[in-house]
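What follows is the residue order along each chain.
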Amino acid sequence: MLRKVLPTSSAVKVARKCVFRNASTAAPIRPRICIVGAGPAGFYTAQYILKHLDNSDIDIVEKLPVPFGLVRFGVAPDHPEVKNVINTFTKTAENPRVRFLGNLCLGKDFTLEELRERYHAVLLTYGAEQDNTLNIPNENLQNVLSAREFVAWYNGLPGFENLNPDLSGKSLTLLGQGNVAVDVARIVLSSVDDLKKTDITEYALETLSRSRIDTVHLVGRRGPLQAAFTIKELREMLKLSSCTTRWRGDDFDHVEESIPNLPRPRKRITELMVKSLAEQAPNNVPPAGRCFQPIFFRSPVNFVGSGKVEAVEYVVNRLADGRAVPTEQRETIATDLVCRSIGYRAVSVDNHINFDARKGCVNNAGGRVLKRNLTGSDQTIDDIEDKYEAGLYASGWLATGPTGVILTTMNNSFGVADLVCRDFNSNTIRLNGSRPGLELAGRPYVSWNGWKAIDSEEVRLGQAQGKPREKLTRIETMLQIASNASD
Ligand SMILES: Cc1cc2nc3c(=O)[nH]c(=O)nc-3n(C[C@H](O)[C@H](O)[C@H](O)COP(=O)(O)OP(=O)(O)OC[C@H]3O[C@@H](n4cnc5c(N)ncnc54)[C@H](O)[C@@H]3O)c2cc1C
């Protein structure tokens with residue numbers, strides 16, 4: 001899979017050998033590159049450029065004092081193996097040609113214009129931090145949250161520590177059936193004793209230990225054959241201790257007979273669902289312990305309640321060519337708490353970014369940011385200079401939209417980084433003078449050593465509680481600790 005995005009070996013050799021000279025002094029000019037956002041996209045583009053453009057220097061600028069984006073603040077705490085990518089990112093950050101500059105925010109502390117003046121190339125990799133809304137009546141009722149907020153809360157993203165989700169009711173409804181929704185379901189339905197061994201925040205553990213939620217509905221627009229969760233996540237739910245998965249038999253009409261014709265991954269997950277349905281106890285036997293209930297063919301049309309949400313009203317869908325089509329039928333299901341989990345959304349943080357607000361991503365073609373009047377579908381202009389913003393790129397969720405996993409982000413980022421190397425090599429990015437990098441005077445940034453001091457403190461706090469780390473959630477505390485670190 002990787003080979004596809006790697007440049008030809010000859011292109012790499014030329015890129016590596018390329019020595020740029022300043023005409024007046026004959027001193028070599030080192031390409032200076034700025035990457036905005038220290039998530040997977042930022043680190044993977046940096047890793048690739050370091051390897052394939054030997055004489056380049058890279059600044060990774062991050063709005064938070066801490067790196068790693070959604071690997072730290074999105075990936076579920078009970079999936080520590082997914083976070084092993086942090087070891088690779090750390091190696092990249094510790095390369096002497098890289099500087100991590102935390103606590104500096106594009107659109108607040110500096111502008112895109114400033115970056116483009118001070119670097120030969122700028123890569124926007126600042127992710128997708130907002131969530132989509134349903135835009136249905138009563139969405140602002142109390143206890144209607146987004147999965148994004150809920151995840152940010154249990155993972156300790158600064159600003160979400162006071163979310164205090166109300167877990168005093170009996171049932172939680174997750175609208176959406178992707179892996180993020182399943183993560184939330186699993187965290188809520190897991191035993192606190194299991195979560196105690198993870199890096200989940202202490203305040204979330206405390207709230208979860210008082211939770212009275214015993215049923216989680218996972219609601220999707222379409223049927224079991226279109227379910228968005230993956231088999232690994234489903235297996236985890238089926239194996240969860242003290243929790244029963246309960247399917248609704250009607251959702252599975254004609255599913256079993258279509259299994260032989262399904263492509264392999266879809267076939268395996270469908271077989272697992274059908275097997276689990278066949279093994280489930282009859283409806284009149286109440287499930288032992290907590291209950292996880294996937295519900296298919298339902299789209300929310302209204303939140304019911306006065307002040308606080310009490311139920312969700314759904315339209316019943318049928319499938320037409322794989323698409324959900326509403327019928328006249330409605331169903332209302334009681335609930336005490338709702339989390340929308342219908343996708344993340346990027347935003348424009350600077351007016352000079354050519355941004356597609358409808359799609360929620362930067363207008364780009366393969367990672368090169370298009371000129372302001374062009375969109376991704378404008379492919380008619382041949383002249384590269386008329387088409388693209390010179391030296392401006394985007395990768396990761398900001399460029400592709402919020403889809404896929406870390407591996408998808410890695411492949412995209414390696415591909416964009418390859419374009420950057422080729423554009424330097426072909427002189428598309430002109431090295432007409434050295435660039436100074438971001439002006440740091442008067443800007444209280446966090447260096448990599450500052451992050452390491454924060455990291456050590458978190459690990460120390462965690463050890464005291466038998467956890468891998470206890471995340472700090474107050475920016476001021478982080479800055480205080482980082483400021484004592486030597487550079
Ligand atoms: C809840 C959740 C769970 C997930 N779990 C998994 C999983 O288990 N396995 C898996 O493979 N994938 C998982 N993913 C997907 C994975 O997290 C993404 O593929 C990946 O993080 C996208 O990387 P990114 O760098 O584009 O964005 P991000 O990870 O969001 O990184 C963007 C970075 O930019 C910074 N930033 C934002 N605005 C600015 C600004 N104005 N200036 C400077 N910096 C800024 C952010 O603070 C952040 O550090 C999960 C995603 C979510 C949402």
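Residues numbered from 1 in each chain as written. Predicted model: local features only at pLDDT ≥ 70, side-chain atom pairs only at ≥ 80, totals over all residues.

Draft legend 1. Representation of the UniProt feature "binding site: NADP(+)" (unreviewed entry) in the protein chain within the structure. As annotated in UniProt, the feature "binding site: NADP(+)" (unreviewed entry) corresponds to Gln-177, Gly-178, Asn-179, Val-180, Arg-221, Arg-222, Glu-233 and Gly-404 in the numbering used here. Looking at the secondary structure, you find Gln-177 in the loop between strand S9 (171-175) and helix H7 (179-189). When near neighbours in sequence (up to four residues on either side) are disregarded, Gln-177 contacts Leu-218, Gly-220, Ala-227, Ala-228, Phe-229 and Pro-294. Looking at where Gly-404 falls in the secondary structure, it is placed in the loop between helix H14 (397-400) and helix H15 (406-425). The partly exposed category is assigned to Gly-404, around which 14 C-beta atoms lie within 10 Å. (UniProt positions renumbered as here; feature names shortened; annotations may be inferred. Helix = DSSP H or I, 4+ residues; strand = E, 2+ residues; numbered from the N terminus. Contact = placed C-beta atoms within 7 Å. Buried ≥ 20, exposed ≤ 12 C-beta atoms within 10 Å, placed from the backbone.)

Draft legend 2. Expanded view of the environment of Asp-336. Assignment of secondary structure puts Asp-336 in the loop between strand S15 (323-334) and strand S16 (337-340). Taking the C-alpha atoms as reference points, Asp-336 and Glu-257, 79 residues apart in sequence, are found 37 Å from one another. Leave out the neighbours within four places in its chain, and Asp-336 touches Asn-143, Gly-169, Lys-170 and Ser-171.

Draft legend 3. Structural view of the site of the ligand. Taken together, 37 residues sit near the ligand, with Gly-37, Gly-39, Gly-69, Gly-127 and Gly-396 positioned nearest. Every element with two or more residues in the shell around the ligand is listed here: helix H2 (40-52), strand S4 (57-62), helix H3 (69-73), H7, H14 and H15. Classifying every residue of the shell around the ligand by side-chain character gives 21 nonpolar, 12 polar and 4 charged. Domain assignment of the residues forming the shell around the ligand places at least three in each of domain 1 (32-129 + 346-445) and domain 2 (130-343). (Near = placed C-beta within 6 Å. Nonpolar A, V, L, I, M, F, W, Y, C, P; charged D, E, K, R; others polar. Domains from an automatic or database assignment.)

Draft legend 4. Highlighting the sheet that holds strand S14 (residues 311-320). In space, the 3 strands of this open sheet follow the order S13-S14-S15, with antiparallel pairing throughout. What marks the edges here is a single partner per strand, and that holds for strand S13 (298-304) and S15. Geometrically, the sheet is characterised by an average inter-axis angle of 20° between neighbouring strands, direction not taken into account. Relative to S15, S14 runs antiparallel, the two being bridged by 9 bridges. Directly across from Val-312, in S15, lies its bridge partner Ile-333. (Pairing = 2+ DSSP bridges. Axes fitted to C-alpha atoms, helices over the stretch in contact; angles between N-to-C directions.)

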